[in-house]
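# Remarks on the overall topology
Next come the chains, spelled out residue by residue.
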Amino acid sequence: MKEKLNSIEHEALQLINTANDLDVLNQLRVRFLGKKGEITSVLKGMGQLSPEERPVVGAMANELKNRIETVLEDRKVTLEREAKLQRLQKEEIDLTLPGEPVIYGKAHPLTAVFAELKRIFLGMGFDVAEGPEIETDYYNFEALNIPRWHPARDMQDTFFITDEVLLRTHTSPIQVRTMQKGELPIRIIAFGRVYRVDMDATHIPNFRQIEALVIDKGITFANLKETINVMVKGIFGENRKTRLRPSYFPFTEPSAEVDVSCFVCDGVGCRLCKGSGWLEIGGAGMVHPRVLEMSGIDSEEYSGFAFGMGIERIAMLKTGINDIRLIYENDLRFLNQF
Ligand code: PHE
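Just so you know, these numbers come straight off a predicted model, no measurement behind them.

Turning our eyes to something else, we now look at the site of the ligand. What surrounds the ligand is a group of 15 residues, the closest being His170, Ser172, Arg196, Gln209 and Gly308. Take glutamine 209: an N or O atom from its side chain is 2.9 Å from an oxygen atom of the ligand. Relative to its unbound accessible surface of 330 Å², the ligand loses 93% to contact with the protein. Going through the elements one at a time, β5 (206–216), β8 (278–287) and β9 (303–310) are the ones with two or more residues in the shell around the ligand. Ranked by residues supplied to the shell around the ligand, first place goes to β9 with three residues. Counted by class, the shell around the ligand contains five nonpolar, eight polar and two charged residues.

Another point: the side chain of glutamine 209. Along the polypeptide, glutamine 209 turns up in strand β5. Among the polar contacts made by the side chain of glutamine 209, one reaches the main-chain amide nitrogen of threonine 171 at a distance of 2.8 Å. The residues contacting glutamine 209, other than those within four sequence positions of it, are Thr169, His170, Thr171, Ala190, Phe191, Gly192, Val194, Arg196, Met309, Gly310 and Ile311.

Our focus in this paragraph is the pairing of β8. Most of β8 sits out of view: eight of its 10 residues are buried. Bridging between strand β7 (residues 252–261) and β8 involves eight bridges; their strand directions are antiparallel. Looking at β8, one finds that aspartate 259 is bridged to glutamate 280.

The next subject is the pattern of salt bridges. Taken as a whole and assessed by the stated rule, the structure comprises 18 salt bridges. The closest approach of N and O atoms between glutamate 11 and arginine 31, which form a salt bridge, is 2.7 Å. Residue glutamate 11 is located in helix α1 (residues 2–18), and its partner arginine 31 is located in helix α2 (residues 22–33); the two are separated by 20 residues in the primary sequence. A relative accessible area of 34% places arginine 31 in the partly exposed class. The residue glutamate 301 makes a salt bridge to lysine 217 at a minimum N-O spacing of 3.1 Å. With a gap of 84 residues between them, glutamate 301 in the loop between α9 (289–294) and β9 and lysine 217 in the loop between β5 and α8 (221–236) connect regions that are remote in the sequence. For glutamate 301, a relative accessible area of 40% translates into the label partly exposed.

An order of β1-β4-β5-β9-β8-β7-β6 is seen for the seven strands of this open sheet, with the pairing classed as mixed. This sheet does not close on itself; its edge strands, each paired only once, are β1 (127–129) and β6 (242–249). Averaged over all pairs of adjacent strands, the angle between strand axes in this sheet comes to 25°, irrespective of strand direction. Along the sheet face, helix α5 (residues 109–123) touches β1, β4 (186–195), β5 and β9 and points at about 5° away from the line of β5.

In terms of domains, the protein chain is made up of domain 1 (2–90) and domain 2 (111–335). Between the C-alpha centres of domain 1 and domain 2 there is a distance of 90 Å.

Ranked by size, the top nonpolar core spans 46 residues in total, and within it Leu117, Phe121, Ile228, Met231, Phe236, Ile281 and Phe307 carry the most contacts. Not counting chain neighbours up to four residues away, the residues in contact with isoleucine 281 comprise Met231, Val232, Phe236, Val258, Val260, Gly308, Met309, Gly310, Ile314 and Leu317. In this structure, Leu166, Ile174, Phe251 and Ile297 belong to the second largest nonpolar core, which totals 24 residues.

Taken as a whole and assessed by the stated rule, the structure comprises eight aromatic pairs. Geometrically, the ring pair formed by phenylalanine 121 and phenylalanine 126 is edge-to-face, given 5.1 Å between the ring centres and 70° between the ring planes. Owing to a relative accessible area of 5%, phenylalanine 126 belongs among the buried residues under this scheme. Ring centres of phenylalanine 121 and phenylalanine 307 lie 6.0 Å apart, and the angle between their planes is 40°; this geometry places the pair in the tilted category. Taken as a pair, phenylalanine 121 in helix α5 and phenylalanine 307 in strand β9 lie far apart in primary sequence, 186 residues in all. Each member of the aromatic cluster is reached from another via a ring pair, and the members are Phe121, Phe126, Phe305 and Phe307. The ring of tyrosine 139 has arginine 177 lying over it, and the distance from NZ or CZ to the ring centre is 3.9 Å.

Here we take up the environment of serine 41. Note on placement: serine 41 falls in helix α3 (residues 38–44). Side-chain polar atoms of serine 41 contact the backbone oxygen of glutamate 38, separated by 2.9 Å.

This next bit is on a negative patch on the surface. Among the surface-exposed residues, Asp154, Asp157, Asp198 and Asp200 lie close enough to one another that they form a single negatively charged patch. Considering the arrangement of structural elements, one finds aspartate 154 in the loop between α6 (137–140) and β3 (165–167). On the basis of relative accessible area, aspartate 154 is assigned to the exposed category, the value being 61%.

Reading the values: the criteria
- Position numbers for residues count from 1 along each chain, tracking the sequence in the order it is written.
- Confidence filtering applies because this is a predicted model: local features only for residues at pLDDT of at least 70, side-chain atom pairs given and counted only at 80 or more, and all residues used for totals across whole chains, interfaces and linings.
- For the side-chain quantities, the full set of heavy atoms in the structure was used; hydrogens and water were omitted.
- In this text, near means that some heavy atom of the residue lies within 4 Å of the molecule or strand in question.
- In protein, a polar contact means a hydrogen-donor-capable atom and an acceptor-capable atom, both N or O and within 3.5 Å, with residues adjacent in sequence counting only if both atoms are side-chain atoms; elsewhere, any N or O pair within 3.5 Å suffices.
- To measure how exposed things are, a 1.4 Å probe is used in the Shrake-Rupley method; for residues, cover is taken only from the protein chains shown.
- In this text, helices come from DSSP runs of H or I with a minimum length of four residues, and strands from runs of E with a minimum of two, each type numbered from the N-terminal end.
- Under the convention adopted here, Pro, Cys and the residues Ala, Val, Leu, Ile, Met, Phe, Trp and Tyr are nonpolar, Asp, Glu, Lys and Arg are charged, and Gly plus all remaining residues are polar.
- Between two residues, a contact is recorded if the distance between any of their heavy atoms is within 4.5 Å.
- Relative accessibility decides the category of a residue: with a 1.4 Å probe and only protein chains considered, values under 20% of the type maximum give buried, values over 50% give exposed, and everything between is partly exposed.
- In this analysis, strands are considered paired if DSSP registers two or more bridges between them.
- The term salt bridge refers to a pairing of a side-chain nitrogen on Lys or Arg with a carboxyl oxygen on Asp or Glu at a separation within 4 Å.
- Note on geometry: axes are lines fitted to C-alpha atoms, helical ones only across the stretch in contact, with angles between N-to-C directions running from 0 to 180 degrees.
- Each domain's limits were defined by an automated method or a database of domain assignments.
- Working definition of a nonpolar core: buried Ala, Val, Leu, Ile, Met, Phe, Trp, Tyr and Cys residues. They are joined through side-chain atoms within 4.5 Å.
- When two rings of Phe, Tyr or Trp (its six-membered ring) have centres within 6.5 Å they constitute a pair, described as stacked for plane angles under 30 degrees, edge-to-face for angles over 60, and tilted for the intermediate range.
- Consider the ring centre and the ring normal. A charge sits over the ring if Lys NZ or Arg CZ is within 6 Å of that centre and within 35 degrees of that normal.
- A patch consists of residues whose relative accessible area exceeds 30% and which take part in no salt bridge; residues with like charges are grouped when within 9 Å of each other, and nonpolar side chains (Val, Leu, Ile, Met, Phe, Trp, Tyr) when within 5 Å.
- Charge assignment in this entry is limited to Lys and Arg as positive and Asp and Glu as negative, and neither His nor the chain termini are counted.
- Note on charges: their place is set at NZ of Lys, CZ of Arg, CG of Asp or CD of Glu.

So, in structure tokens, the structure goes:
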């Protein structure tokens, strides 16, 4: 039996000291020290020994148990230390490597243009007004002096939801909603999405407009012109000139198209301005007396002007983008150029 214990000792120490992972070490613990382990099974045969031999073998077995326990523990500590060292080596940080570049976000061209316009108009004392994108026929057309039979309805290819309800085709219904509040004078810019049945390189069915409305006593066409001047110089630069070209809108009288001198050729004529020297940016005019009256404003006492533009168009002109769809593809390689 002593021999048996000796051979267990020999084998156990050899296996433990060469074990190279913690799982194997655990299996060895079970194999030698477990309830059904090798030492226990030796002790089970103690009954056959003489009373003198029993305590000697018992003591020997206990000693062996302790010994194996200690060796197991030592080996465990060694293995754990090695594992940790390996992990640290793997995770080592090389402080001399170049860092990951930080990519700064920036405003989308549309956001940037709107922010600029807003800054210019707030600087002139305007407030920002908003309105619903789903509008009634009344606000989008009727109250802007565009009755059902009026051919000018064709200017704005409309998405109708029902006979009375539609997706607004311009931000001008916000003019009406603001006037109906009954507070005068009015000095607002309106901004938002508008919808038209239209799609090609320079038109998209869902685009954005910005629109100004000023109503007070004694407002004249000169006020309109100067306000547009300030805005144009603010977004396109000090050297830009403005031109108002006679036009027609049912809700303004007189009406005008707003042109800006071409900033590529400075008015000489080039590809961007198609040789004319001017770029069209929007529509404008003195608010039609009938529009004032329909919203309860006395047109003998008050007068006003309004003008509206497409934000996409301004962004395209400012950045030289020639296809409106690029603005919406959100390709970062494209957007990062601005
Ligand atoms: N609402 C017009 C349009 O979308 C633009 C406009 C606004 C014209 C204000 C005159 C005055 O076509």
